[in-house]
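# Observations on the model geometry
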Amino acid sequence: MYSNKTTILVTAEEMKQIEAEIFSAGMPIASLMEKVALKTAQKITELYPLNRKKVSVGFIIGCGHNGGDGLVIARELYHKGYDVTIYVPLIAKLKDLTAQHFQYVQSLGISTVQNITSLSSCDFIVDGLFGFGLTRKIVDDLAEDIKTVNSWQKPIISVDIPSGINSDTGAVLGVAIRAKYTLCLGLYKKGIWQDKALEYIGQVKRIDFDIPSSFIDKITSESPSAKLLTVDRVKEILPLPRHVTTYKYKQGHLLLICGSKEYVGAALLSAYGARSSGVGMVTIVVPESLKPLINSQLPEILVIGCRETSLGSIETLPLLDWEKYQWVCCGMGLTKEAVSVVEKVISSGCDILLDADALNIVANYYLLDSLKNRQGKTVLTPHDGEFERLFPDFSFVGMADRIEETRQGAIALNATILRKGAKTIISDNIHTWIIPHGTPALARGGSGDVLSGFIGGLLAQNSFTDTINVDTVAAAAWLHQQGGILASEDLSTLGVDGVTLSQYILKAVNKLKGNGQ
Ligand SMILES: NC(=O)C1=CN([C@@H]2O[C@H](COP(=O)(O)OP(=O)(O)OC[C@H]3O[C@@H](n4cnc5c(N)ncnc54)[C@H](O)[C@@H]3O)[C@@H](O)[C@H]2O)[C@@H](O)CC1
Ligand SMILES: [K+]
């Protein structure tokens, strides 16, 4: 089983409360700081081992306990033989524990400097300026110091979170350290996984300090915390291994409603995505003129051609036996003309996924109420622009916390929302997943069409299991990103077109060990 402890994202307030539980249970504050900082120092020695030549490290130390951590790390690296220099810009405001550690490092003869530029010759920098206690914008000399450190383009290791990043929203408070590594202490701070922080966090590594699960549960069980999706959880969610006596209709029947003369490829790519899911049956509804192409490219798919408008969009849906399908995916390349199509899908009572033009139609034609009150399950897959168009009147849009905003959207529409971005977020209100790894190779036309078909195929298969939909959608998004990562490793960031991606998704599935294959 995956552990809450290693994947949960906490706010600064939650972290403070968990810390308070630890202290009130008897752990002395200084002992906890010592433990955390020793483990962090150990990680730094692994990242930058001492070799025959001297390694010099500069510390930028703040006035709170992030600075205290920094000073303990500085002391340990000094004892190990690193050439340590410390800069403490807020020296008059040090918290007691931090001041004590500062006094001790001075007594050891560790060199302290009065100016940031004195650190410019160090091999790397440790940022212990601010952690989750940063409450306001960084200004004046301190802001200049951060700009100066960033301008050196040296490796910077941030303790807990890059100084200047809001630990809940990921927003830059004035200016922020651009880290090469973020060594996050204990639990992941939510801000680290927000898109806004991405340019600053570098590689994230969690330093475990044995927080009892009961404390984490006590503080977070009532709150709608987000979690990082792990490979182990993805393995549990996948509809594998298959039962030996299964047959095609037991593996789900997916209905795709998509495509137009203008966006032929969207229909093809959604079908390729569905194909990669291994779903038992796929039926695709497209404008009549697309039928021969789909037949020639994907011979295993049933194709229903529809009467089309003068511009080549689906004019009306034929009579469909909706009950036959475990999931319906609609919208990819449909064009904004296909209003009646989207209305019919929403009123069908089926379990549905709406993407692309279907989302724009919902936004343009005020279909939000019918969406919210529909019988079947709903999955929506907007990117940021589509998300904002979906909720023009809702106060939560623009609330700065992208993760919470997505959860609020899921509540408002009684739906599972997958919000695309550098970090994909999936929420059904109760559960929220973040896909930790991603690749900019997927920032190109067609990736989303593949994703919708792939999600639909997994949802159709998992509709025969107890797996909740938000988990299936998240696992699909995880594999989609992994497919992109594997493809870009083989073919470069420029080589991940939609067809290639759909094939590499299967490589990502195959890489999961113990999936019954
Ligand atoms: N939560 C935990 O379990 C643990 C936390 N520890 C460390 O403690 C840190 C949090 O410590 P603190 O609460 O002392 O907070 P910080 O060390 O992040 O900084 C807070 C201090 O900075 C000042 N400050 C805030 N914004 C400022 C600004 N814009 N300009 C100038 N000064 C500003 C505040 O007045 C306060 O004195 C964590 O990030 C972590 O590094 C560890 O020592 C031990 C374990
Ligand atoms: K920091």
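None of the values given here were measured: they were computed from a predicted structure.

This part is about the coordination of the potassium ion (ligand 2). For the potassium ion (ligand 2), the full set of protein donor atoms is Asn66 (OD1), Asp127 (O), Phe130 (O), Val159 (O), Ile161 (O) and Ser163 (OG), at a range of 2.7 to 3.1 Å. Taken together, the six donor atoms coordinating the potassium ion (ligand 2) and their angles of 66 to 173° define a geometry best described as irregular. Ordering the donors of the potassium ion (ligand 2) by residue number gives the pattern N-x60-D-x2-F-x28-V-x1-I-x1-S. Taken together, the residues Asn66 in helix H4 (residues 65-80) and Ser163 in the loop between strand E6 (156-159) and strand E7 (181-185) connect sequence positions 97 residues apart. Accessibility expressed as a relative area gives 0% for Ser163, which makes it buried.

The ten strands lie next to each other as E10-E19-E18-E17-E16-E15-E14-E11-E12-E13, forming an open sheet whose pairing is mixed. Edge positions in the sheet fall to strand E10 (226-228) and strand E13 (302-306), since each has one partner strand and no second. The average angle at which neighbouring strand axes cross in this sheet is 15°, direction not considered. Where strand E17 (residues 416-419) and strand E18 (residues 425-427) come together, three bridges link them in antiparallel fashion. When the sheet's bridge partners are listed, Arg419 is paired in E18 with Ile425.

This paragraph deals with the UniProt feature "domain: YjeF C-terminal" (unreviewed entry) in the chain. UniProt records the feature "domain: YjeF C-terminal" (unreviewed entry) at residues 231-512, using the numbering of this structure. Counted over residues 231-512, helix gives 43% and strand 13%. Its end C-alpha atoms are 8 Å apart.

Here the focus is the packing of helix H10 (residues 264-276) against helix H19 (residues 498-511). Put simply, H10 and H19 touch, their axes get as near as 9 Å, and they point 10° apart. As the angle between them shows, H10 and H19 are arranged roughly parallel. Residue-level inspection shows Leu269, Tyr272, Gly273 and Ser276 of H10 in contact with H19, the latter providing Gly498, Val499, Ser502, Gln503, Ile505 and Leu506. In terms of residue class, the contact of H10 with H19 is made up of five nonpolar, five polar and no charged.

How each quantity is defined
- Residues numbered from 1 in each chain as written.
- Chains lettered and ligands numbered in written order.
- Predicted model: local features only at pLDDT ≥ 70, side-chain atom pairs only at ≥ 80, totals over all residues.
- Heavy atoms only, no water.
- Donors = N, O, S within 2.8 Å, 3.2 Å for Na, K, Ca; no water.
- Tetrahedral: all angles 85-135°; square planar, octahedral: opposite > 155°, others 65-115°.
- Helix = DSSP H or I, 4+ residues; strand = E, 2+ residues; numbered from the N terminus.
- Buried < 20%, exposed > 50% of the residue type's maximum accessible area, 1.4 Å probe, protein only.
- Pairing = 2+ DSSP bridges.
- Axes fitted to C-alpha atoms, helices over the stretch in contact; angles between N-to-C directions.
- UniProt positions renumbered as here; feature names shortened; annotations may be inferred.
- Parallel < 35°, antiparallel > 145°, perpendicular 65-115°, else oblique.
- Contact = heavy atoms within 4.5 Å.
- Nonpolar A, V, L, I, M, F, W, Y, C, P; charged D, E, K, R; others polar.

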